[in-house]
Amino acid sequence: MANDSLSNAKNKKNDEFYTIYDYIQMEMNAYLEYAPDVFRGKTVLLPCDDPEWSNFTRFFAQNFEALGLKKLISTSYAVDSKKAKYGYVELGGYQQLTLFETMSPQFDEGITMSRGKIFTLTRDMNRSGAVDIDDLEWHYLEGDGDFRSDEVKALRDEADIIVTNPPFSLFREFVAWVMEAGKSLVIIGSQNAITYKEIFPLLKENKLWIGATNNGKDMVFEVPEGADVAPKDREKAAKLGYVGNYTRLGNACWFTNINHGRRHQPLSLMTMADNVKFSKHKQIREIGYQQYDNYDAIEVPFTDAIPSDYDGVMGVPITFMDKYCPEQFEIIWQASGNAYANAPAGIMEMLKFDPTVKYGGGLGAAVCGGKAVYSRILIRRKGVTSE
């Protein structure tokens, strides 16, 4: 399967994925292109990080002045806590001490494995004439650096923007942690998180959306030496130019609530009649658009086959979300296994959902011709009023 490494991360809670610098740079540049001063005067927090190794820390430290940052804060999670909570085995690489730490006056061998560390950047410490990565200051945290601790919560409350690759096994909790403080965020997660009951309402209400870059493509991540990587994932990473301790995730993507230009680009679409005649998808040309058995909506199995002139509700793949333009479509709800149980009052009635249609799964998935289809986002063209 395309997501073996991601499944392993969730099942084994092996969340040591280190984001490639180029991905970070491309994503941040997309926000800068839309709003050049998006980071200016801001405090950026990088939690769930390993500052000595992290490309997040490297990017923001190297570009501190160009971005106009007020302050950069980066925190790490203690090695002992990783082992205790996630069952990590002894690995090389990112669990080894660095010369940066061991040569520092504040290095303490007695606490270095049990405490997290905090790195901050605010000023030209070495008087080089520029504020950059060589000016990072650090000390040990009082605790282990868990983002849920009061210590790191205080840093969250100080920050304006939170950027990181959080543990995939804690993605729901991490998003809630950021949103409860009303902060801006740019984070990496699984595309499957779109349907999570904790995440989907945020997407529906335009409080969270998919990032600007690398959508629909494999993302490569560096892993600690000795990490368990499926051979085919290692091979695919190598084909993308990353040889060694790398893996690839087939459906990782960025989540954010910072605006970018792609989000406001409407899809160029054909009418329903033209799709039936000219679509590149054989299924559309031969079958057309089928009505669901249990929803008052039609099945649109491909985003590029959304008919431009259909006024009703349409079920589209979750991959639609990285092409979603809020000026063009509104999100009504989702059709998935937990859609019925978590739907706000009135939504299922408006969709004329029929709970008597059985298909062998959870109540809420869209059924077409007696068969359940994969999770769908139920959308409607903007400006269309419901009866």
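Residues numbered from 1 in each chain as written. Predicted model: local features only at pLDDT ≥ 70, side-chain atom pairs only at ≥ 80, totals over all residues. Heavy atoms only, no water.

Caption draft 1: Fine view of unusual backbone geometry. For Asn206, which is not glycine, the phi torsion reads 55° and is therefore positive. Mapping Asn206 onto the fold places it in the loop between α9 (200–204) and β8 (209–210). The backbone phi angle of Lys352 is positive, close to 55°, even though this residue is not glycine. Among the secondary structure elements, Lys352 is positioned in the loop between α14 (347–350) and β15 (367–368). Taking relative accessible area as the criterion, Lys352 reaches 57% and is therefore assigned exposed. (Helix = DSSP H or I, 4+ residues; strand = E, 2+ residues; numbered from the N terminus. Buried < 20%, exposed > 50% of the residue type's maximum accessible area, 1.4 Å probe, protein only.)

Caption draft 2: Inspection of the environment of Gly241 at higher detail. Tracing the chain through its elements places Gly241 in the loop between α10 (231–239) and β10 (246–249). Accessibility expressed as a relative area gives 56% for Gly241, which makes it exposed. The spatial distance from the C-alpha of Gly241 to the C-alpha of Val220 is 9.5 Å, given a sequence separation of 21 residues.

Caption draft 3: View of the side chain of Glu27. Its location among the elements puts Glu27 in helix α2 (residues 21–34). A distance of 2.4 Å separates polar atoms of two side chains, one belonging to Glu27 and the other to Tyr31. Those residues within four positions of Glu27 in sequence are excluded, and the remaining contacts are Val186, Gly211, Ala212, Thr213 and Trp254. (Polar contact = N/O pair within 3.5 Å; in protein donor to acceptor, adjacent residues only side chain to side chain. Contact = heavy atoms within 4.5 Å.)

Caption draft 4: Layout of the sheet that holds strand β17 (residues 376–381). The strand order across the open sheet formed by four strands is β12-β13-β17-β14, and the pairing between neighbours is mixed. With partners counted over all chains shown, the strands left at the sheet margins are β12 (298–299) and β14 (329–335), one partner each. Strand direction decides the pairing type here: β12 and strand β13 (residues 314–317), joined by two bridges, are parallel. Counterpart to Glu299 in the pairing with β13 is Gly315. (Pairing = 2+ DSSP bridges.)

Caption draft 5: Quick peek at the packing of α2 against helix α3 (residues 55–62). Where α2 meets α3, the closest approach of the two axes is 9 Å, and the angle between their N-to-C directions is 50°. Regarding the angle of α2 to α3, the classification is oblique. Note on packing geometry: the crossing formed by α2 with α3 is right-handed. Contact residues: α2 offers Tyr21, Ile24, Gln25 and Met28, while α3 offers Asn55, Phe56, Arg58, Phe59, Phe60 and Gln62. Each residue belonging to the contact of α2 with α3 can be placed in one class, and the counts come to six nonpolar, three polar and one charged. (Axes fitted to C-alpha atoms, helices over the stretch in contact; angles between N-to-C directions. Parallel < 35°, antiparallel > 145°, perpendicular 65-115°, else oblique. Left-handed = near helix turned anticlockwise from the far one by under 90°. Nonpolar A, V, L, I, M, F, W, Y, C, P; charged D, E, K, R; others polar.)

Caption draft 6: Spatial organisation of the sheet that holds strand β7 (residues 184–190). Spatially, β5-β4-β3-β2-β6-β7-β11-β8 is the arrangement adopted by the eight strands of the open sheet, whose pairing is mixed. Whereas interior strands pair on both sides, the edge strands pair on one side only; in this sheet they are β5 (137–140) and β8. Contacting β6 (161–164), β7 and β11 (252–256), α2 runs over the sheet at an angle of about 35° to β11. Sheet strands touched by α3: β2 (43–49), β3 (71–76), β4 (117–121), β6 and β11. Its angle to β2, the strand with the most contacts, is close to 160°.

Caption draft 7: Examining the packing of aromatic side chains more closely. In the structure shown here, the tally under the stated rule is 19 aromatic pairs. Considering the side-chain rings of Tyr242 and Tyr246, the 5.4 Å spacing of their centres and the 55° angle between planes classify their relative orientation as tilted. Ring centres of Tyr340 and Phe353 lie 5.3 Å apart, and the angle between their planes is 35°; this geometry places the pair in the tilted category. On the criterion of sequence distance, the pair formed by Tyr340 in helix α13 (residues 339–342) and Phe353 in the loop between α14 and β15 is long-range, its members being 13 residues apart. For Tyr340, a relative accessible area of 38% gives the class partly exposed. (Phe/Tyr/Trp six-rings, centres within 6.5 Å; stacked < 30°, edge-to-face > 60°.)

Caption draft 8: Structural detail: the pairing of β4. The element β4 is largely enclosed, with a buried count of five among its five residues. The alternating pattern of β4 places Lys117, Phe119 and Leu121 and Ile118 and Thr120 on opposite faces, both of which are buried. Both β3 and β4 contribute to a ladder of four bridges, which runs antiparallel. When the bridges of β4 are listed, Leu72 appears paired with Leu121.

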